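An overview of the molecular structure
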Number of protein chains: 2
Amino acid sequence: MKKKQPQQLTEEALELIATTFRVLSEPMRLKILHTLDKDEMSVGELVEATGGSQANISKHLNILFEAGMVSRRKEGLNTFYRISDEMVFDLCEAVCSSLGKRLITQQQAIKNFTGR
Amino acid sequence: MKKKQPQQLTEEALELIATTFRVLSEPMRLKILHTLDKDEMSVGELVEATGGSQANISKHLNILFEAGMVSRRKEGLNTFYRISDEMVFDLCEAVCSSLGKRLITQQQAIKNFTGR
DNA sequence: TGATTATATTACCATATAGTAATTAAATAG
DNA sequence: CTATTTAATTACTATATGGTAATATAATCA
């Protein structure tokens, strides 16, 4: 384990990291990733499962693909997508955990305020 | 044949998670968080350290505050900010790890293409 | 061949937001 | 009190982007 030091981050690195977060900052894209959840699915299946429009889902899938978060495979008329970077699960889990803790804190505050 | 049942995430939950990612999707906010890195700093110190304008840093700090990622403390003319949610470190580390892996893969591909 | 189906793409609009300059607010000093 | 300092806020512009409707592309089928 290396000692932790204030490491210098270049503007370019900051842009890359920010872009990754930006890709994950749209509810519909999160919904797609959550629906995909390790299983391969066609665009049509994703359209039905998410309730989005075909054009919209296709656009979001391309953004996810460009970001390297999903991979795709063509078979006949269908294109099948699957999650290609397990990072997205780690990220969402970390966020959910943090949001959960915050909720508990808020509930506690309300309880304390109302006197239980 | 029914697919496995993905756990249901409400639209509201997706919005919350997406908002968290959106807050982290700006290079300047990442720079602020990276500069803060566990140490408390005043707005002026952050302005100097990041090279941003006072208005811009102040605006970003407020966004980070509203998102619960930093806390603040007033003392005289100064306002001191510090990171209040360690989650941001976990998230950035996960992203950096993923980006690093992707870079290695790309370098490998280039090596293979050029014949080592 | 033409028709059908699945997906991608284009053009457009509406909204959100980052950055800035100027101003305000608030605490402190003289 | 007035002046100074630090930070927040306001008003504004420019840009980016999500959603949609329409169209294009491409594979399959009759």
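Residues numbered from 1 in each chain as written. Chains lettered and ligands numbered in written order. Predicted model: local features only at pLDDT ≥ 70, side-chain atom pairs only at ≥ 80, totals over all residues. Heavy atoms only, no water.

All names here are of chain A. Between helix H2 (residues 27-36) and helix H3 (residues 43-50), whose axes approach to 10 Å, the crossing angle comes to 115 degrees. Relative to H3, H2 is oriented roughly perpendicular. As H2 runs across H3, the sense of the crossing is right-handed. Contacts from Met 28, Lys 31, Ile 32, Thr 35 and Leu 36 of H2 reach H3 at Leu 46, Ala 49 and Thr 50. (Axes fitted to C-alpha atoms, helices over the stretch in contact; angles between N-to-C directions. Helix = DSSP H or I, 4+ residues; strand = E, 2+ residues; numbered from the N terminus. Parallel < 35°, antiparallel > 145°, perpendicular 65-115°, else oblique. Left-handed = near helix turned anticlockwise from the far one by under 90°. Contact = heavy atoms within 4.5 Å.)

The next point concerns the protein's contact with DNA strand C. Close contacts around DNA strand C come from 21 residues, with A:Gly44, A:Gln54, A:Ser58, B:Lys59 and B:His60 the closest. Of all DNA strand C atoms lying within 4 Å of any protein atom, the proportion belonging to sugar or phosphate reaches 59%. Residue A:Gly44 places a main-chain N or O atom 2.7 Å away from a phosphate oxygen belonging to DNA strand C. In this structure, a phosphate oxygen belonging to DNA strand C sits 2.6 Å away from a side-chain N or O atom of B:His60. Of all the elements in the fold, those that place two or more residues in the surface near DNA strand C are H3, helix H4 (54-66) and strand E3 (78-83) of chain A together with helix H4 (54-66) of chain B. With five residues, the single largest contributor to the surface near DNA strand C is H4(B). (Near = heavy atom within 4 Å. Polar contact = N/O pair within 3.5 Å; in protein donor to acceptor, adjacent residues only side chain to side chain.)

Before going further, it helps to examine the protein's contact with DNA strand D. In the neighbourhood of DNA strand D, 22 residues make up the surrounding shell, with A:His60, B:Gly44, B:Gln54, B:Ser58 and B:Tyr81 lying closest. The sugar-phosphate backbone supplies 61% of the atoms of DNA strand D found within 4 Å of the protein. In the model, a base nitrogen of DNA strand D is placed 2.7 Å from a nitrogen or oxygen of the B:Gln54 side chain. The set of elements that each furnish at least two residues to the surface near DNA strand D consists of H4 of chain A together with helix H3 (43-50), H4 and strand E3 (78-83) of chain B. It is H4(A) that contributes the most residues to the surface near DNA strand D, five residues altogether.

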